[in-house]
Amino acid sequence: MSVTAARGFRASGVVAGIKSNGRPDLALVVADRTAAAAGVFTRNQVQAAPVRLSREAVSDGRLRAVVLNSGGANACTGAAGAADAVAMAAAVSAAVGCPAHDVAVASTGLIGTRLPMRRELAGIGAAAGALGPAGGTAAATAIMTTDTVCKEASVQLAGAAAGVTIGGMAKGAGMLAPALATMLAVVTTDADVASADLDRALRTAVARTFDRVDVDGCMSTNDTVLLLASARSGVIVAPGTPAWPDFVTGLGEVCSGLANQLVDDAEGASKRIAIKVVGGADEEQAVAAARGVARSALLKCAIHGADPNWGRVLAALGTTGIAFDPEAVDITFNGEPVCAGGVAAGDPEAARAALAPREVTITIDLHAGASHATVLTTDLTAEYVHENSAYST
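Because the structure is predicted, anything quoted here is derived from the model rather than measured. (Residues numbered from 1 in each chain as written. Predicted model: local features only at pLDDT ≥ 70, side-chain atom pairs only at ≥ 80, totals over all residues. Heavy atoms only, no water.)

Asks: Looking at this model, I keep getting lost on helix α8 (residues 297-304). Mind explaining?
Replies: In an α-helix there are 3.6 residues to a turn, and that puts residues three or four apart on one side. Listed in full, the buried residues belonging to α8 are L299, K300, A302 and I303. Down the axis of α8, the smallest arc covering the buried residues is 160°, so these residues share one side. Its buried side turned inward, α8 meets β9 (272-280), α7 (283-294), α9 (311-317), β13 (359-365) and β14 (371-378). Positive backbone phi, approximately 55°, marks A306, located one or two places after α8. (Buried < 20%, exposed > 50% of the residue type's maximum accessible area, 1.4 Å probe, protein only. Helix = DSSP H or I, 4+ residues; strand = E, 2+ residues; numbered from the N terminus. Arc of directions from axis to C-beta. Contact = heavy atoms within 4.5 Å.)

Asks: Can you walk me through the environment of S220 in this structure?
Replies: Checked against the element boundaries, S220 lands in the loop between α5 (195-207) and β8 (224-229). Taking the relative accessible area as the measure of exposure, S220 reaches 0% and is therefore buried. A polar contact is formed between the side chain of S220 and the backbone nitrogen of N222, at a distance of 2.9 Å. (Polar contact = N/O pair within 3.5 Å; in protein donor to acceptor, adjacent residues only side chain to side chain.)

Asks: Just checking my understanding: could you explain the nonpolar core for this structure?
Replies: Most often, soluble globular proteins have nonpolar side chains that are buried together. Counting 42 residues, the largest nonpolar core has I166, L198, F210, V237, F247 and L251 as the members making the most contacts within it. When residues of this core are traced back to their parent elements, those giving at least two are β2 (26-41), β5 (151-156), β6 (165-171), β7 (184-189), α5, β8 and α6 (243-264). (Core = buried A, V, L, I, M, F, W, Y, C linked by side-chain atoms within 4.5 Å.)

Asks: I'm lost on the packing of aromatic side chains in this one. Help?
Replies: To describe a pair of aromatic rings, one takes the distance between the centres and the angle between the planes. Applying the stated criterion across every chain, the model contains one aromatic pair. Ring geometry for W244 versus F247: centroids 6.3 Å apart, planes at 35°, classification tilted. Taken together, the residues span about one helical turn, with W244 and F247 both in helix α6 at a distance of three residues. F247 carries the same exposure label as W244, and that label is buried. (Phe/Tyr/Trp six-rings, centres within 6.5 Å; stacked < 30°, edge-to-face > 60°.)

Asks: What should I look at first to understand the pattern of salt bridges in this one?
Replies: Any two side chains of opposite charge can pair, given that their charged atoms come close. Counted by the stated rule, this structure contains 14 salt bridges. One salt bridge connects R208 with E283, and the closest N-O pair in it is separated by 3.2 Å. Of this pair, R208 sits in the loop between α5 and β8 while E283 is found in helix α7, placing the two residues 75 residues apart along the sequence. Here R272 ties to E359 by a salt bridge, and the two come within 3.3 Å at their closest N and O atoms. Taken as a pair, R272 in strand β9 and E359 in strand β13 lie far apart in primary sequence, 87 residues in all. (Salt bridge = Lys/Arg side-chain N within 4 Å of Asp/Glu carboxyl O.)

Asks: Whenever I open this one, unusual backbone geometry confuses me. Can you help?
Replies: Glycine aside, the phi torsion of most residues is negative, and most peptide linkages are trans. In this model, A231 sits at a positive phi of 70°, which is unusual for a non-glycine residue. By the element assignment, A231 lies in the loop between β8 and α6. A relative accessible area of 22% places A231 in the partly exposed class.

Below, the structure written as structure tokens:
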């Protein structure tokens, strides 16, 4: 159940000394031979040097290796930071024997500080020496920052795609918002898939998983999701083949599993909240509605306190600019009605009790069409404020 679950990949995670706490902080994922690849990156206009390098590296649809570090984002570091990202790729190139342009780089941590390159480069050498097919969990552990647990997922496909495995790892506990969620993810498969088709499948999966995680409304400078295919299974996957639907579904399951783990481990959170919108005029508007509600700090506080203040849901909907009639909206909290036709409904005490569990689903029926969407978020706690009030110190 890791980034090495698929055949043809090795990984490692080591202590390079980038962090001051002595924990693993450098990971390496390597394909046995050059793999087809695709990537999706942050849409923040402020982009870290590793994002710019990796976007270029994957532009030809090929990658051999991915090096990732925690403990420093290498963002807003100017020309020196760009040179550091290039040096990381060159070090991996020399260590594993591949062209530097087939190496992607990903970094996570504090924005605005240079990486300790002597330690970084020594760590790359150590990670190359530790590579193995059982190294997935070590790699997933090494990319953690404020995460409390490592995040991994995998699936073995059946049906026409039998024999194909998809696995992956991710990190992220804060700065989780759309255009990915400081989130890094590497997903691998042993399916035989052309890079253009990988890109299509990845964008479909990301749009309905990572892009629908919205914990704190803050978009990272470093978000990166990479997908590599080794072709080691021998199963050809392409649009129009019987294996394609199973592959797309399996990829979605892995990305969804990782996205849910990101939300479960969000900084300071005590509840995972699914904002489920049905009856939208179209999917885009359903997503906009769900995201608008997910970003309401007032609602997130109410859910933390098990306060069934459904008016905050309706007020947030009214800021989204979507097509709906406020007097037609129905709302439930974990299945308990709180609003029907735009006015109060149900038993407030029953609604309060419904908000007691860790997992809360707020279902909103707009009665404006047939489309639906779900966005994942969390409650807003004193622990979240405490953790982010002194992150850089």
